[in-house]
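Single-letter residue listing:
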Amino acid sequence: MPEVNIEELFRRMQRQQSFTNASLSKQVDNIRWELVMRDVAEFDMHRIPGPPPKNTTAQSWQDKGNPVVFTVYTFVPKGLDKSKKHPMVVYVHGGVHSDFRSGSNHVIKELLAEGYVVISPDYRGSTGYGQGFWQLIDYGGLEIEDTFAARNWAVEHFDFVDPQKVGIIGWSHGGLHALFNIFNHPEFYQVAYAGVPVSDLVARMGYKGESYHGQFAADHHIGKYAWQNPQEYRRRSPAWHAEKLQTPLLIHTNTNDEDVNVLEVEHLIKALKAEGKEFTYKIYENAPGGHSFNRIDTPLAVASRQEIYTFLAKYLKG
């Protein structure tokens, strides 16, 4: 009999248990979404297709080359007059591997109160859907097209959504999604907000640790470290695509951000200025909360979010 590698077997068991735990946690959180939204929104979850993956190693042999199927959360304000057209906001969750969580329900409720239909995609690589889906991650790549596919599906699915009044918002990696969506598909979004957005992966790898690097260098993902293929990391970085901006854009960042260092966002801002682009931005100085400074429950956070909603309204409600 072949010798059993106990350590490797144990690591596999740990990985499998982590995916099982994530799936259970996701199911519980979906129930919480139902509870916190029942008085303010028609809440639902839908399964829709995105583009086929370029790297099919994460797909089963029966599924290779097929479109990636993912979940889209939808929120329609209670009592909305569906005989009329209404604006929509695409809210994109952050994280290298994360998912849309009910911890953001206060932001969703605020958007609903503003009169927006809201959708949020759990694009490829999101957690809570098993190891295969997790390994379909394509950070700054086809996951961006999943978000765009969610936008298009919602416009087609909800005949009360005005396709000429669609905005997109996100924080952190969700901010990267917002940026790349308006860079790649400018005619389909009327406004965008990028909060503390991941902006330059090449610079980012310079101040992140080995475990972070390893997520990108994994065989199912980029497959190389940034120092081995800097051009690929540059291709996935919004700051290096500043010339594409055509959409009204608001950017927020914070000097004491412990996750997305302000230098990344400063690079984005300088690149946009160098291209002569018109946009709005604000650099907060040591705002309490660091990376989450305007997603928490403080007077500053509430005021900052109101800046966002005022900016959105200028283009979605005018």
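Not measured: the values here are computed from a predicted model. (Residues numbered from 1 in each chain as written. Predicted model: local features only at pLDDT ≥ 70, side-chain atom pairs only at ≥ 80, totals over all residues. Heavy atoms only, no water.)

**A look at the packing of helix α4 (residues 142–157) against helix α5 (residues 173–184)**
Step number 1: Their axes nearest at 9 Å, the elements α4 and α5 cross at an angle of 75 degrees. The orientation of α4 with respect to α5, classified from their angle, is roughly perpendicular. Every residue of α5 that contacts α4 at E143, I144, E145, T147 and F148 is listed here: H173, L176, H177, F180, N181 and N184.
Step number 2: Each residue belonging to the contact of α4 with α5 can be placed in one class, and the counts come to four nonpolar, five polar and two charged. (Axes fitted to C-alpha atoms, helices over the stretch in contact; angles between N-to-C directions. Helix = DSSP H or I, 4+ residues; strand = E, 2+ residues; numbered from the N terminus. Parallel < 35°, antiparallel > 145°, perpendicular 65-115°, else oblique. Contact = heavy atoms within 4.5 Å. Nonpolar A, V, L, I, M, F, W, Y, C, P; charged D, E, K, R; others polar.)

**Some remarks on α4**
Step number 1: The end-to-end C-alpha separation of α4 is 22 Å, in line with the 22 Å expected for 16 residues at 1.5 Å each.
Step number 2: Within α4, 13 of the 16 residues are buried, which leaves it mostly tucked inside the rest of the structure. (Expected span 1.5 Å × (residues − 1). Buried < 20%, exposed > 50% of the residue type's maximum accessible area, 1.4 Å probe, protein only.)

**Side note on the sheet that holds strand β3 (residues 86–92)**
Step number 1: Pairing is mixed across the open sheet formed by eight strands, whose spatial order is β1-β2-β4-β3-β5-β6-β7-β8. Across the chains shown, the open sheet's two edge strands, defined by having one partner strand only, are β1 (41–50) and β8 (280–284). Strand-to-strand, the axes of this sheet are offset by a mean angle of 20 degrees, without reference to chain direction.
Step number 2: Sheet strands touched by helix α2 (residues 105–113): β1, β2 (68–77), β3, β4 (117–122) and β5 (161–171). Its angle to β2, the strand with the most contacts, is close to 55 degrees.
Step number 3: Along the sheet, α5 makes contact with β3, β5, β6 (191–195) and β7 (249–254), crossing β5 at roughly 140 degrees. (Pairing = 2+ DSSP bridges.)

**Structural notes on the side chain of N254**
Step number 1: The residue N254 is located in strand β7 in this model.
Step number 2: Residue classification places N254 among the buried positions, given a relative accessible area of 0%.
Step number 3: A polar contact of 3.4 Å, which involves the side chain of N254, links it to the backbone nitrogen of N286.
Step number 4: Among residues more than four places away in sequence, those in contact with N254 are V196, V262, Y284, E285, N286, A287, G290 and F293. (Polar contact = N/O pair within 3.5 Å; in protein donor to acceptor, adjacent residues only side chain to side chain.)

**Thoughts on the packing of α2 against helix α10 (residues 299–316)**
Step number 1: One way to put it is that α2 packs onto α10 with a least axis distance of 11 Å and a crossing angle of 35 degrees. Like other packed secondary-structure pairs, α2 and α10 cross with a definite hand, here right-handed. Listed contacts from α10 to H106, V107, E110 and L111 of α2 are R305, Y309 and L312.
Step number 2: Class assignment for the residues of the contact of α2 with α10 results in four nonpolar, one polar and two charged. (Left-handed = near helix turned anticlockwise from the far one by under 90°.)

Everything listed here is a matter of geometry and, on its own, says nothing about what the molecule does.
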